[in-house]
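Listed here are the chains, written in short residue letters.
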Amino acid sequence: MMKTIKLQTVSIATLGVMRKFLLTITAILSLASLRAAVYVIPEPVSVQEGKGCFNMTKGAKINCADESLLKSAEIFAADMNTVLGVQLIVTVNNDGNIILSLDSTLGKEEYRLTVTKKKINIVGGSSAGVFYGLQTVKQLLKDGNIPAVTIEDRPHFDHRGALLDVARYFFTVEEVKKYIDIIALHKMNVFHWHLTDDQGWRIEIKSHPRLTEIGSMRKETIIGKHNGPGPHKYDGKPHGGYYTQEQIREIVKYAADRNITVIPEIDLPGHMQAALAAYPHLGCTGGPYEMRCTWGISRDVLCAGNEQVYEFIEEVLTEVCELFPSEFIHIGGDECPKNTWQKCPKCQEKIRVLGLKDDRRHKAEHYLQNYVMGRIEKFLNDSGRKIIGWDEILEGNAGKTATIMVWHDQNDVVKAARRGNDVIATTRHYCYLDYSQTSDPASEPLHMDGRYLSMQQAYRLDPYDRLYTHEKERVIGVQANVWTEFIADFGRVQFALLPRLAAICETAWAYDRKKDLNTFVTKAKTILPGIYQAYGYHYAPYFFEGIE
Ligand code: ACM
Ligand code: ZN
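The structure contained in this document is the topic of the report that follows. (Residues numbered from 1 in each chain as written. Chains lettered and ligands numbered in written order. Predicted model: local features only at pLDDT ≥ 70, side-chain atom pairs only at ≥ 80, totals over all residues. Heavy atoms only, no water.)

Before going further, it helps to spend a moment on the overall build of the protein. Along the backbone of the protein there are 18 helices and 19 strands. For 548 residues, the compact-globule estimate of 2.2 N^0.38 gives 24 Å, and the C-alpha radius of gyration of the protein, at 26 Å, lies within 12% of that figure. Here the C-alpha coordinates of the protein stretch approximately 95 × 55 × 45 Å along the principal axes. The positive charge centre, built from 65 side chains, and the negative charge centre, built from 67, are 6 Å apart in the protein. (Helix = DSSP H or I, 4+ residues; strand = E, 2+ residues; numbered from the N terminus. Rg over C-alpha atoms; globule rule 2.2 N^0.38 Å. Lys, Arg positive; Asp, Glu negative; His and termini not counted. Charge placed at Lys NZ, Arg CZ, Asp CG, Glu CD.)

Take a look at the structure:
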């Protein structure tokens, strides 16, 4: 609150000095009121502190003004039971002191939260908005109390994603649900599920049972890095696992209850060695192929000249579409070496029939990849879906209707937006959470080689960098990625994710609110360790010491 100070009658000179003094005091006081002590990540549109606290431990009752809010209320009540051991009562159209309601004049994901000593009121544009209001309450909770406050918020980006790679290492249904809980707490709304790769096929496909019978289990795993001179050592232990269709439905529902859309990724035509091990006729040479037990990029890819391959992909994607109601299906497109296509008579015949030619910029085989992606895109479009592909699909003459997920760097964001594609920025130097977290990588667990990526570095993600105003509209979102070549257990997944996810979620929500690194670091240090501890999440604690 600003204080008014009464001026006495004084000389003009003294008045001048006092004016300066007063202006300084006023500036300090208004800065203090701007930087409210109530910290929330991501930074909301507005925060106004009130007086007193709402006490959550005295048997609060949640009333939902609409049935559609019941699930969010129940999840919140379960959270309060976990962290406080209190049993909140949840009702619909009744009375209560935590009141959840809808207001169609608000944006779908927007909410208004008012906390007083007696009541908590959350009004959302939809159940998503109310859910986000409840996540904010979870952040504000300290010693059973929520400080009186009025908060208004809405996200900046539509796609706020987090990827988990379950192909390199398999994670259980319970672990995947915990990953979803963590990203929900950070108000992310997309779980990008990287389900297939050279080292493991993790989704049951009933029309092709060998994908999981054979392709979900590798015989062993390389120890350490794959890119040294060798000979490499292997652990001699089989590793595998997959999700049944029933389990996938359960996870999709679990995520939907938390306002998270699951976007599955079936990575093609490269990263398919597990599928080739199961169905060798899908490769250029016919195999035999083994499940990949090392990391890196495989030269064995789907044969683009074999019509049976397109039938296979369509049958797989038909089942994928039945399982995942998402608007987008991710079909990969990254890191597909063209060596085998160059030698394969079937692929070369396809190139001839399609009239594809080398030119100054690309080989005919790049245009063959465009053909594969375009053909699968058309199949998915005809099924009412849209595709996302990694930025390699820009090589050649990719269509304008694919959404490009950029993993290389900002140049590719600019390139994709400028040619008219929608873009999701997950540029590796800011968003690849398998990179080392400090400037002393030797002291960290094994990690992917690359630039070290601190929480502060993740915060510097600027998906609009070097874009003109009209091009910025093309950027529909940002995403954090946890690749798991060097992350074999779920504790380490959390350690990679937290607290860097918090930095990315602030870009996702508050890009337009003058992001400020110093303020963010202060907020992160003040609130995140307590929140993560309350929910039992592992996190990288040294971030909070300010190590970069
Ligand atoms: C990728 O990192 N290959 C998408
Ligand atoms: Zn071929």
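Turning to empty space enclosed by the protein, a few remarks are in order. Tallied over the full model, the rule gives three cavities of 30 Å³ or more. Counted as a void, the largest cavity has a volume near 70 Å³. Lining the largest cavity are 14 residues, with Tyr435, Gln437, Glu444, His447 and Arg492 sitting closest to its centre. No other element matches helix α16 (residues 490-497), which puts three residues into the lining of the largest cavity. For the lining of the largest cavity, the residue count by class is seven nonpolar, three polar and four charged. (1 Å grid on protein atoms, 1.4 Å probe; cavity = no way out; pocket = protein on both sides within 12 Å on 5 of 7 lines; lining within 4 Å. Points joined across faces, edges and corners; volume = space filled by probe spheres on them. Nonpolar A, V, L, I, M, F, W, Y, C, P; charged D, E, K, R; others polar.)

For a metal with four donors in a tetrahedral arrangement, the ideal angle between donors is 109.5 degrees, while six donors in an octahedron ideally sit at 90 or 180 degrees. Only Cys284 (SG), Cys303 (SG), Cys344 (SG) and Cys347 (SG) from the protein coordinate the zinc ion (ligand 2), and they sit 2.3 Å from it. For the zinc ion (ligand 2), the four donor atoms are set out with angles of 107 to 113° between them, so the coordination reads as tetrahedral. Along the chain, the residues that donate to the zinc ion (ligand 2) are spaced as C-x18-C-x40-C-x2-C. Of the two residues, Cys284 is situated in the loop between α7 (273-278) and α8 (307-323) and Cys347 in helix α10 (residues 345-354); the sequence distance between them amounts to 63 residues. Exposure class is identical for Cys284 and Cys347. Each is buried. (Donors = N, O, S within 2.8 Å, 3.2 Å for Na, K, Ca; no water. Tetrahedral: all angles 85-135°; square planar, octahedral: opposite > 155°, others 65-115°. Buried < 20%, exposed > 50% of the residue type's maximum accessible area, 1.4 Å probe, protein only.)

Attention shifts here to the pattern of salt bridges. Counted according to the given criterion, the structure contains 28 salt bridges. As a salt-bridge pair, Glu485 and Arg168 come within 3.5 Å of each other at their nearest N and O atoms. Of this pair, Glu485 sits in the loop between β19 (475-482) and α16 while Arg168 is found in the loop between β8 (159-165) and α4 (173-185), placing the two residues 317 residues apart along the sequence. According to the relative accessible area criterion, Arg168 is buried, its value standing at 3%. In this structure, the salt-bridge partner of Asp449 is Lys225, at a minimum N-O distance of 2.7 Å. Placement of Asp449 in the loop between α13 (428-431) and α14 (455-459) and of Lys225 in the loop between β12 (217-218) and β13 (239-240) is noted, with a sequence separation of 224 residues between them. Residue classification places Lys225 among the partly exposed residues on the basis of a relative accessible area of 25%. Linked by salt bridges that have partners in common, Asp165, Arg168, Asp197 and Glu485 make up one network. (Salt bridge = Lys/Arg side-chain N within 4 Å of Asp/Glu carboxyl O.)

What follows is about the packing of aromatic side chains. This model, assessed by the stated rule, comprises 22 aromatic pairs. Seen in terms of ring centroids, Tyr169 and Trp295 are 5.9 Å apart; in terms of plane orientation they differ by 55°. Their pairing is tilted. Taken together, the positions of Tyr169 in the loop between β8 and α4 and Trp295 in the loop between α7 and α8 put the pair 126 residues apart, joining distant regions of the chain. Both residues of the pair, Tyr169 and Trp295, count as buried. Of the aromatic side chains, those joined through ring pairs into one cluster are Phe170, Tyr179, Phe191, Trp193, Tyr243 and Phe324. (Phe/Tyr/Trp six-rings, centres within 6.5 Å; stacked < 30°, edge-to-face > 60°.)

Another point: α4. At 3.6 residues per turn, the α-helix brings residues three or four places apart onto the same side. Helix length check: α4 (13 residues) gives 18 Å between terminal C-alpha atoms against 18 Å at 1.5 Å per residue, within 8%. Listing the buried residues of α4 in full gives Val173, Val176, Lys177, Tyr179, Ile180, Ile182, Ile183, Ala184 and Leu185. Following α4 by one or two positions, Lys187 has its phi on the positive side, about 60°. (Expected span 1.5 Å × (residues − 1).)

This part takes up the nonpolar core. Side chains that are nonpolar tend, in soluble globular proteins, to be buried together. Counting 181 residues, the largest nonpolar core has Met56, Trp193 and Trp201 as the members making the most contacts within it. With nine residues, α8 is the largest single contributor of residues to this core. (Core = buried A, V, L, I, M, F, W, Y, C linked by side-chain atoms within 4.5 Å.)

Here we come to the side chain of Asp434. Here Asp434 lies in the loop between α13 and α14. There is no salt bridge for the buried Asp434, and the closest opposite charge comes from Arg500, which lies 7.0 Å off by N-O distance. When neighbours within four sequence positions are excluded, Asp434 is seen to be in contact with His447, Met448, Asn481, Trp483, Glu485 and Arg500. (Contact = heavy atoms within 4.5 Å.)

All right, on to the sheet that holds strand β9 (residues 190-194) then. What the eight strands build is a closed barrel, ordered β8-β9-β14-β15-β16-β17-β18-β19; its pairing is parallel. The sheet shows a mean angle of 30° between the axes of neighbouring strands, taken without regard to direction. With three bridges joining them, strand β17 (residues 403-406) and strand β18 (residues 423-425) adopt parallel strand pairing. If you follow Met405 over to β18, its bridge partner there is Ile424. (Pairing = 2+ DSSP bridges. Axes fitted to C-alpha atoms, helices over the stretch in contact; angles between N-to-C directions.)

Before going further, it helps to examine the environment of His271. As for its position among the elements, His271 is in the loop between β14 (261-268) and α7. Measuring from C-alpha to C-alpha, the distance between His271 and Asp334 comes to 8.1 Å, with 63 residues separating the pair along the chain. Not counting residues within four places of it along the chain, the set of residues in contact with His271 comprises Arg168, Asp197, Asp198, Asp334 and Glu335. Looking at His271, its side chain comes within polar contact range of the side chain of Asp334, at 3.3 Å. One polar contact links His271 to Glu335, side chain to side chain, over a distance of 2.9 Å. (Polar contact = N/O pair within 3.5 Å; in protein donor to acceptor, adjacent residues only side chain to side chain.)

With that out of the way, let us pick up unusual backbone geometry. In the segment running from Gly287 into Pro288, the intervening peptide bond is cis, with an omega of 0°. Following Leu498, the chain continues to Pro499 via a peptide bond in cis, the omega torsion being 5°. Within the element layout of this structure, Pro499 appears in the loop between α16 and α17 (500-510). You will see that Lys187, though not glycine, has its phi angle at about 60°, which is positive. Among the structural elements, Lys187 can be located in the loop between α4 and β9.

What follows is about the pairing of strand β7 (residues 145-153). Residues in a regular strand project their side chains so that they alternate between the two faces of the sheet. Sheet topology note: the strand β1 (residues 46-55)/β7 ladder contains seven bridges and is antiparallel. Opposite Ser46, over in β7, you have Glu152 as the bridge partner. In this sheet, β7 lies alongside strand β5 (residues 111-115) in antiparallel orientation, the contact comprising five bridges. In the strand pairing of β7, Val115 is matched with Val149.

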